[in-house]
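# Summary of the model geometry
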Amino acid sequence: MPLILDMDPGIDDAVALAIALTDPEFEVKLVTAVAGNVSVDKTTLNALKLVEFFNRLDVPVARGAAKPLQKEFVDASYIHGASGMPGYEFPAVTHQADSRDAVSAIYQTLLNASEPLTIVATGAYTNIAQLLLDHPEIKSKIKQLVLMGGSLSGGNVSSVAEFNVFTDPDAAKIVYESGLPIVMIGLDVTLKALVNSETLEQLAKLGEPGKMLHGLITYYKDEYAGGKPLHDVNTIFYLVHPEAIKTKKYPVYVCTQGPAQGATIADTQNRWSNGKTNALVGLDIDATAFNQWLIEKVKQMAA
Ligand code: BDR
Ligand code: CA
């Protein structure tokens, strides 16, 4: 499956990228970085580190937006550490980011593709919104946007907002109003797929990739009673196991201002939307299947 990944690695982004780069199911055409968990310089560097770690220098990494469209940039280094990928000593990076900025790189990749491509976005949607503003005609080359972000049931940075949408709500609004097919994998899914300590222990035994991912996840400060939510990895899981995620079509609205800034509101009773929907929203997940798949994928990396 050909893919473009737009992300802010970030520990859970790193696990998602590791799987996408190593699972033969996926053909990663491009990785673009955005400011989010840490600065865009660091998220770009982290993507390069992973591409080198997995010896995938054929995959271009392009640097994207350094800040949200309108809001001030606030990172999440309290969760992901100052570097965004602590817990493992990566060798110094030897190759460079692509000379194109993220928007130009995505645009050209879509233009050159023989079929419309899936874009998976696991950071703030600043790069994607900018692409749609600069090149609205490119929509016909986008098959779907699979987005980590949002929530119908309470937030993780405010009582209503999830981090990726909250970081750049103006970008999220543009994306949700784009008319493109959207799959929303938000907290309603990701907080139900916690990676428990047994899974984490198993990863540690799976060669250098397992050691690396175990190191990162051990550091990761996003923790609940039953384990850690590897939010972004759920998007990759969805692509190969859509049957393991319960979904429903809803009209979803993004709140950009005030105390509900960054909230994603689904018009579940169709009071405002004339029967129209704009997103397939993830509501539940088979957490056991997710944990088993994760171990399987890391085994494959180590083989
Ligand atoms: C999202 O916020 C980031 O910190 C994670 O990488 C994930 O994309 C979860 O709310
Ligand atoms: Ca992320």
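Residues numbered from 1 in each chain as written. Chains lettered and ligands numbered in written order. Predicted model: local features only at pLDDT ≥ 70, side-chain atom pairs only at ≥ 80, totals over all residues.

### A closer look at the overall build of the chain
Of the regular secondary structure elements, the chain holds twelve helices and twelve strands. Its C-alpha atoms give the chain a radius of gyration of 18 Å, near enough to 19 Å, the size a compact globule of 303 residues would have. Here the C-alpha coordinates of the chain stretch approximately 55 × 45 × 35 Å along the principal axes. The proportion of buried residues among the 303 residues of the chain is 52%. Within the chain, contacts between residues at least 6 apart in sequence are counted, and of these 82% link residues at least 24 apart. (Helix = DSSP H or I, 4+ residues; strand = E, 2+ residues; numbered from the N terminus. Rg over C-alpha atoms; globule rule 2.2 N^0.38 Å. Buried ≥ 20, exposed ≤ 12 C-beta atoms within 10 Å, placed from the backbone. Contact = placed C-beta atoms within 7 Å.)

### Some remarks on the site of ligand 1
Inspection of the region around ligand 1 gives 14 residues, with Gly10, Asp12, Ala76, Phe163 and His231 positioned closest. By residue class, the composition of the shell around ligand 1 is four nonpolar, six polar and four charged. (Near = placed C-beta within 6 Å. Nonpolar A, V, L, I, M, F, W, Y, C, P; charged D, E, K, R; others polar.)

### Describing the pairing of strand β6 (residues 182-185)
The side-chain alternation of β6 yields two buried faces, one formed by Ile182 and Met184 and the other by Val183 and Ile185. Note: strand β5 (residues 142-148) against β6, four bridges, orientation parallel. Residue pairing for β6: Met148 is matched across the bridge by Ile185. As judged from the three bridges shared by β6 and strand β12 (residues 279-285), these two strands associate in the parallel manner. Directly across from Ile182, in β12, lies its bridge partner Ala279. (Pairing = 2+ DSSP bridges.)

### Some details on the sheet that holds β12
The mixed open sheet is built from eight strands, whose spatial order is β3-β2-β1-β4-β5-β6-β12-β9. Either end of the sheet is taken by a strand with one partner, and the two such strands are β3 (61-63) and β9 (245-250). Averaged over all pairs of adjacent strands, the angle between strand axes in this sheet comes to 20 degrees, irrespective of strand direction. Sheet contacts for helix α4 (residues 102-112): β1 (2-7), β2 (27-33), β3, β4 (117-121) and β5; angle to β2, the most-contacted strand, approximately 160 degrees. (Axes fitted to C-alpha atoms, helices over the stretch in contact; angles between N-to-C directions.)

### Concerning the nonpolar core
Leu17, Val31, Ile128 and Leu147 are the most contacted members of the largest nonpolar core, which totals 96 residues. Looking at this core, the element that brings in the most residues is helix α1 (residues 11-22), giving eight residues. Apart from residues no more than four positions distant in its own chain, Ile128 is found in contact with Asp6, Ile119, Ala121, Leu145, Ala171 and Val175. (Core = buried A, V, L, I, M, F, W, Y, C linked by C-beta atoms within 7 Å.)

### Focus: the UniProt feature "domain: Inosine/uridine-preferring nucleoside hydrolase" (unreviewed entry) in the chain
Per the UniProt entry, the sites bearing "domain: Inosine/uridine-preferring nucleoside hydrolase" (unreviewed entry) are residues 3-291 in this numbering. Secondary structure content for residues 3-291 is 35% helix and 19% strand, and the end C-alpha separation is 23 Å. (UniProt positions renumbered as here; feature names shortened; annotations may be inferred.)

### Describing helix α7 (residues 169-176)
Taken across its eight residues, α7 has six buried, putting it largely inside the fold. Where α7 is concerned, the buried positions are Pro169, Ala171, Ala172, Ile174, Val175 and Tyr176. Its buried side turned inward, α7 meets α5 (126-134), β5, α6 (163-167), β6, β10 (252-254) and β12.

### Topic: the environment of Ile138
Tracing the chain through its elements places Ile138 in the loop between α5 and β5. The spacing of Ile138 and Tyr107 is 31 residues in sequence and 7.1 Å in space, taken between C-alpha atoms. Among residues more than four places away in sequence, those in contact with Ile138 are Tyr107, Leu110 and Leu131.

### What about the packing of helix α10 (residues 207-219) against helix α12 (residues 287-302)?
Relative to each other, α10 and α12 sit at 130 degrees, their axes nearing to 6 Å. Taken together, the axes of α10 and α12 lie oblique to each other. For the pair α10 and α12, contact is made by Gly207, Pro209, Gly210 and Leu213 and by Val298, Met301 and Ala302, respectively. Along the lines of polarity and charge, the residues of the contact of α10 with α12 split into five nonpolar, two polar and no charged. (Parallel < 35°, antiparallel > 145°, perpendicular 65-115°, else oblique.)

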